[in-house]
Every structure is written in structure tokens, then in C-alpha cells.
Amino acid sequence: MHSCWHMPQERAVPVVAIPPVQIQRAHRLRRSGVRQQLRFGTVVEYSRRAVPCETESPGVSRGGFGELAGTALRRSDLACGRRGTLPLRDTLWERDLVRARGGGRSEQAPVQSGMAGFVGAYALARSDAAARQAWSAHADRCVPRLSRALVRPAGGRRRASAARLTMDALVGKGNGDLGKVTLSHETSNQTVEVYALGATVTSWKSGKEENFFTSKVASWDGSKPIRAGIPICWPQFGPYGPLPTHGFARNVTWKVLSTSTEADGSVSATFGLDSSNESELVKAWAGASFDAQYSVILSGEGLETTLRVKNTGDKPFSFTFSLHNYFQISDVTQTKVFGLDKLNYMDRLANEAIVFEDDDSGAGVNVTEETDRIYYGAPEELALLDTSTLRLIKMKKTPSLPDATLWNPFGGEGCDPGWKNFICVEPAAVKDPVKLAPGAEWVGGQLLGAE
Ligand SMILES: O=P(O)(O)OC[C@H]1O[C@@H](O)[C@H](O)[C@@H](O)[C@@H]1O
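Computed from a predicted structure; not experimentally measured.

**Student:** Got a minute to help me understand the overall build of the protein in this structure?
**Tutor:** If you tally the helices and strands in the protein, you get seven helices and 27 strands. Buried residues in the protein amount to 56% of all 451 residues. Surface exposure of the protein reaches about 18,600 Å², of which carbon and sulfur atoms provide 51%.

**Student:** Before we go on, may I ask you to explain the sheet that holds strand S10 (residues 209–210) in this structure?
**Tutor:** Strand pairing in a sheet is mediated by backbone hydrogen bonds. Such pairs are either parallel or antiparallel. What the five strands build is an open sheet, ordered S6-S7-S8-S9-S10; its pairing is antiparallel. Unpaired on one side and paired on the other, strand S6 (169–173) and S10 mark the two borders of the sheet.

**Student:** Sorry, what's going on with the pairing of S6 here?
**Tutor:** Successive side chains on a regular strand alternate, one facing one side of the sheet and the next facing the other. Pairing geometry for S6 and strand S7 (residues 179–185), over five bridges, is antiparallel. Residue Gly 172 lies in a different strand from S7, and its bridge partner there is Lys 180. Connecting S6 to the antiparallel partner S7 that follows it, the hairpin turn spans five residues, and Gly 176 within it adopts a positive phi of roughly 60°.

**Student:** Sorry if this is basic, but what is going on with the packing of aromatic side chains here?
**Tutor:** Two descriptors summarise a pair of aromatic rings, namely the distance from one centre to the other and the angle between the planes of the rings. By the definition in use, this model includes 22 aromatic pairs. Their ring planes at 25° and their centres at 5.7 Å tell us that Phe 212 and Phe 327 sit as a pair that is stacked. Residue Phe 212 is located in the loop between S10 and strand S11 (232–233), and its partner Phe 327 is located in strand S17 (residues 326–328); the two are separated by 115 residues in the primary sequence. The pair Phe 212 / Phe 327 is uniform in exposure class, with both members buried. With a centroid separation of 5.7 Å and 65° between ring planes, the pair formed by Trp 285 and Phe 290 is classed as edge-to-face. On the basis of relative accessibility, which here comes to 1%, the residue Phe 290 falls in the buried class. Every member of this aromatic cluster is reached through a ring pair, and the members are Trp 234, Phe 248, Trp 285, Phe 290, Phe 317, Phe 319, Phe 321 and Trp 442. Between the NZ or CZ atom of Arg 373 and the centre of the ring of Tyr 345, over which it lies, the distance is 4.1 Å. Sitting over the face of the ring of Tyr 376, Lys 431 holds its NZ or CZ atom 5.8 Å from the ring centroid.

**Student:** For this particular structure, what's the right way to read the pairing of strand S13 (residues 267–274)?
**Tutor:** The buried count for S13 comes to seven of eight residues, which makes it a mostly enclosed element. Of the strand pairs in this sheet, strand S12 (residues 255–261) and S13 are connected by six bridges, and their pairing is antiparallel. In the strand pairing of S13, Ser 258 is matched with Thr 270. Taking the residues between adjacent antiparallel strands as the criterion, S12 and S13 are bridged by five residues, where Gly 265 takes a positive phi near 90°. Here S13 runs beside strand S14 (residues 290–299); their pairing, made up of eight bridges, is antiparallel. Across the sheet, Leu 273 pairs through a bridge with Ala 292, a residue of S14.

**Student:** How should I be thinking about the site of the ligand in this particular structure?
**Tutor:** With respect to spatial proximity, the complete set of residues near the ligand consists of Arg 227, Phe 237, His 246, Arg 250, His 324, Tyr 326, Arg 348, Asp 372, Trp 407 and Glu 426. With respect to the ligand, the side chain of Arg 250 contributes an N or O atom lying 2.8 Å from an oxygen atom. In isolation the ligand offers 390 Å² of accessible surface; the protein chains occlude 81% of this area. Along the lines of polarity and charge, the residues of the shell around the ligand split into three nonpolar, two polar and five charged.

**Student:** Just to check I follow, could you spell out the nonpolar core for this structure?
**Tutor:** For soluble globular proteins, the rule of thumb is that nonpolar side chains tend to be buried together. Counting 67 residues, the largest nonpolar core has Trp 234, Trp 254, Tyr 294, Leu 303, Phe 319 and Ile 423 as the members making the most contacts within it. Residue contributions to this core peak at seven residues, all from strand S26 (residues 422–436). Ignoring sequence-local partners within four residues, the contact set of Ile 423 consists of Asn 325, Tyr 326, Phe 327, Ile 329, Val 332, Thr 335, Val 337, Val 367, Leu 384, Leu 406 and Trp 407. Counting seven residues, the second-largest nonpolar core is a separate cluster that includes Tyr 195, Ala 218, Trp 220 and Ile 226.

**Student:** Please explain the side chain of His 185 as it appears in this structure.
**Tutor:** By secondary structure assignment, the location of His 185 is in strand S7. In this structure His 185 touches Gln 190, Gly 265, Ser 266, Leu 298, Ser 299 and Gly 300, once residues within four positions along its chain are discounted.

**Student:** Help me understand the confidence of the model for the protein, please; the structure alone is not making it clear to me.
**Tutor:** Segments scoring low in pLDDT should not have their predicted coordinates read at a detailed level. This prediction gives the protein a mean pLDDT of 71; 61% of its residues lie at or above 70. Within the model, pLDDT remains below 50 along residues 1–128, and this stretch shows 245 contacts once partners closer than five positions in the same chain are excluded. Note that residues 146–167 has pLDDT below 50 and, in this model, 41 contacts with residues that lie over four places away or in other chains. Taken over the whole predicted complex, pTM reads 0.71, whereas the ipTM for its chain interfaces reads 0.98.

**Student:** Before we go on, may I ask you to explain the state of the cysteines in this structure?
**Tutor:** Each disulfide consists of a covalent bond between the sulfur atoms of two cysteine residues. On inspection of all chains with the given rule, the structure shows zero disulfides. Cys 233 takes part in no disulfide bond, and the closest cysteine sulfur, belonging to Cys 424, lies 9.0 Å away.

Parameters at a glance
- Residues numbered from 1 in each chain as written.
- Predicted model: local features only at pLDDT ≥ 70, side-chain atom pairs only at ≥ 80, totals over all residues.
- Heavy atoms only, no water.
- Helix = DSSP H or I, 4+ residues; strand = E, 2+ residues; numbered from the N terminus.
- Buried < 20%, exposed > 50% of the residue type's maximum accessible area, 1.4 Å probe, protein only.
- Areas by Shrake-Rupley, 256 points an atom, 1.4 Å probe, with all protein chains shown as cover.
- Pairing = 2+ DSSP bridges.
- Phe/Tyr/Trp six-rings, centres within 6.5 Å; stacked < 30°, edge-to-face > 60°.
- Lys NZ or Arg CZ within 6 Å of the ring centre and 35° of its normal.
- Near = heavy atom within 4 Å.
- Polar contact = N/O pair within 3.5 Å; in protein donor to acceptor, adjacent residues only side chain to side chain.
- Nonpolar A, V, L, I, M, F, W, Y, C, P; charged D, E, K, R; others polar.
- Core = buried A, V, L, I, M, F, W, Y, C linked by side-chain atoms within 4.5 Å.
- Contact = heavy atoms within 4.5 Å.
- pLDDT = per-residue confidence, 0-100.
- Disulfide = S-S within 2.5 Å.

In C-alpha cells form, the structure reads like this:
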């Protein structure tokens, strides 16, 4: 069989076509309510197989495996004229393949908690196993890195590099004459823009592709938070607390504390906000004394954004938090969010009822109506796939951010005119507010990768 999808050498296995009828059978099993006996975190038997992409399977139903495979097939069709194979190793959908298996090679392999949907999307979107492994390895290293104190004392390994400032980090003016830092990572051809107002990352480009949404009606005069990129919701998420919605971090101007270049070539900017800020909102926050630093790091693997908060007073305080990612997508209804299947969520549109998501198909969550949810205890790794463009955004969040929100207003009255082109997936700490004792520090952040 001719193959246009590269199968890496070390993963070369006999390619066995799965007839559409077997895929249909897998769907029937799932739909008929047969429980998946194979759970995340267990060792499952799986079959190394590939779906033949010349099969424009008339019988492959929409939803789950079929729909995504269909997307991938269309991509293959474009690339190689309706022939080729798509490896499906390590994917959640392999659970279906296990059921659908009709003989052939199989072996034992671990399926990691929370990874399956994400890896599945990735595997389907791209068949480059080497890149997949590199991402996973980096993401695993990233959490401890994110959890370290961010600004090192003078003389530390990180050098605040005035000499390289013009190359890697530019401090200048942006829209509305607002202060802005631009970071460039030349080897990976990424750039990021961060406004001092709210320390808001407004743009993150991988090559020419913009990963973040900027509202056409965003205000750039400081009167409102900037609706673009990653507004920081702190020290309050949503209406839950004494402050205006989403707290004050996104409303006030942060100091640019440093820009630097690491030995590994990653570039960063760190912003600071503390309780000496003159804003009435800050003063009104129950007299809490704090020192907050927000670090934005661009590396070959993507974008890391991390908030560190220290209680500098003699009273404890608590807060909730989210990184309000506005991801740019071509159509919200054609976007799948992976990692949130089969989780309880709090539905903010249904009197905050706890809803049990029973679909564990791994097909990803698809927004088809106004959606405002908080998933309690979301996995550390999430991903979203724009199935129109096959653009994939991967997210790894620190354990200190156990929750994730999912929001799109879906054309509701007064909502943003660009609602179709964004989806908010926000790593968050909402259900259990973070409590900080005097002198204590907290760190929460995310690593984002785009393909
Ligand atoms: O303040 P913004 O950027 O308009 O975002 C508001 C939305 O932010 C989301 O995080 C919340 O889940 C929604 O309930 C809320 O409406």
C-alpha cells in the first residue's frame, strides 16, 4: 500500500487496513452503551494499526473516531491524492480499534491519565511521532520549571541582557500608545506581544499563524481590560468574590521588571504588580499585601505564562485565578477540545448545576451552543483542534491549576461580534480558592504549543 504519511523507523510496523465495517462496529458498541472496560491509567492491549486513507468510508459515522479520521483523511486526500495511511498509535480511539480488532499484531502499552484524547488528536492531526515525543518530554520537564521562582537574584544564571534587548525583546508602544513588550524566538520563528496593561499577552505567532484572538471591539485606552490573548483573571475568577468580575490584574498596568535570554535561547519578560499599586481596585482588596510576578517565556516548545504570588503581609488571603486564553479558531463549531470528556463540570448557565459528562468517546468536546463551564479537576494536559485547518493547540498546566473553564457566548445578545472565531479554554483554580499564609508563595502557569 502506498503511504504518504511518514511512519518513523523505530515505529515501523505492518500496516493493516481496518475495514470500515469494523470501525462501524466500534461505533455501534459505544453507542449501544457498552461501557469501555479500558480506563485511563490502566494497561491496555492495543493494536498497532493504521487506517487506510483511501477509504473515504461511506459508513464511518460522524462523531468521535469517524469524524476525526474523516478530517485526517481529507487532509491526506489533499496531500497525496486519496491514498496513504494514518498511524493511530497511542490514541484513545485505539480502544475502539481493540474492540474492532480482527486479528493481527498487538502488544501491551500504558495509556496515561488525561493524555489519551490529547495524544489522539495530535496523532490524528500529525503523524510525526518524534515531534510528539519531544513535546511530551518537554511538557513533563516544564511543570517543575514553571513551578520554580521566576525572577532569579542578580548574578543568577539568567542574565538580564541589555545587549540582546534589541534582538529578542523590544519594549515599545502598541495600540493606543500603550506600553508593550515584544519577544521573538528566532529559531522557532515565534513572536509574542505583551501589553503592560494587565500584563496581557495579546499576540502569539508561530510563523505567520496567530494563535490568539483579538476582538475587533477591544479597547486600547486603558478604560477596560484588553479583550485579546490571555487576560489574567486574578485575584478573582468570575463573580465569585468581592471584586468586579475577574478581579483587577487585567485592569491595571504592570511594571516591566526584566527581559532576559536564557542559555538555551528562550526569551522572557517578567511583569510585576504589588499592593503598592495606586489603583483603587488594588487598594480595595481587603488590605491584602502581595507581590505578584508574571513571566512570559518563549522557547522552541512554545509559550509559557506563569503567575507567582507572594503574601508579603501578616494576614492570610485567598484568591481564585484563571488564564483567560482567547484562542483564535476558524469556527467554534468545528473545534474539538480534548481532555475534558467524562468529567464533571459546573454549568454556569444552568444555575451552576454540576453536570456529569457521560461521553467518554474521546471525540473531544464540541461547542454547539452558548457554553460557560468550569471543569473541576481537569487533566494537566488539554488540547484543542481546529478541524477545519487541523491547527492544534496543546496546553500543559501546573497542578496548582486543577480546574479548566470552557467558554463561548455563541452569539448571545451583546456578545463579541467575533464569537465564532474564539474559544476560551482557561487553566484555573476556582473550586477551591488558593489560601496564602503570610510569607507563603504560590505559582501557577501553563505551557502552550501550537502546530
Ligand atoms: O470579561 P470577558 O473577557 O468578556 O470574559 C467574560 C467571560 O469570561 C469567562 O471566563 C467566564 O467563564 C464567562 O462567564 C464570562 O462571561
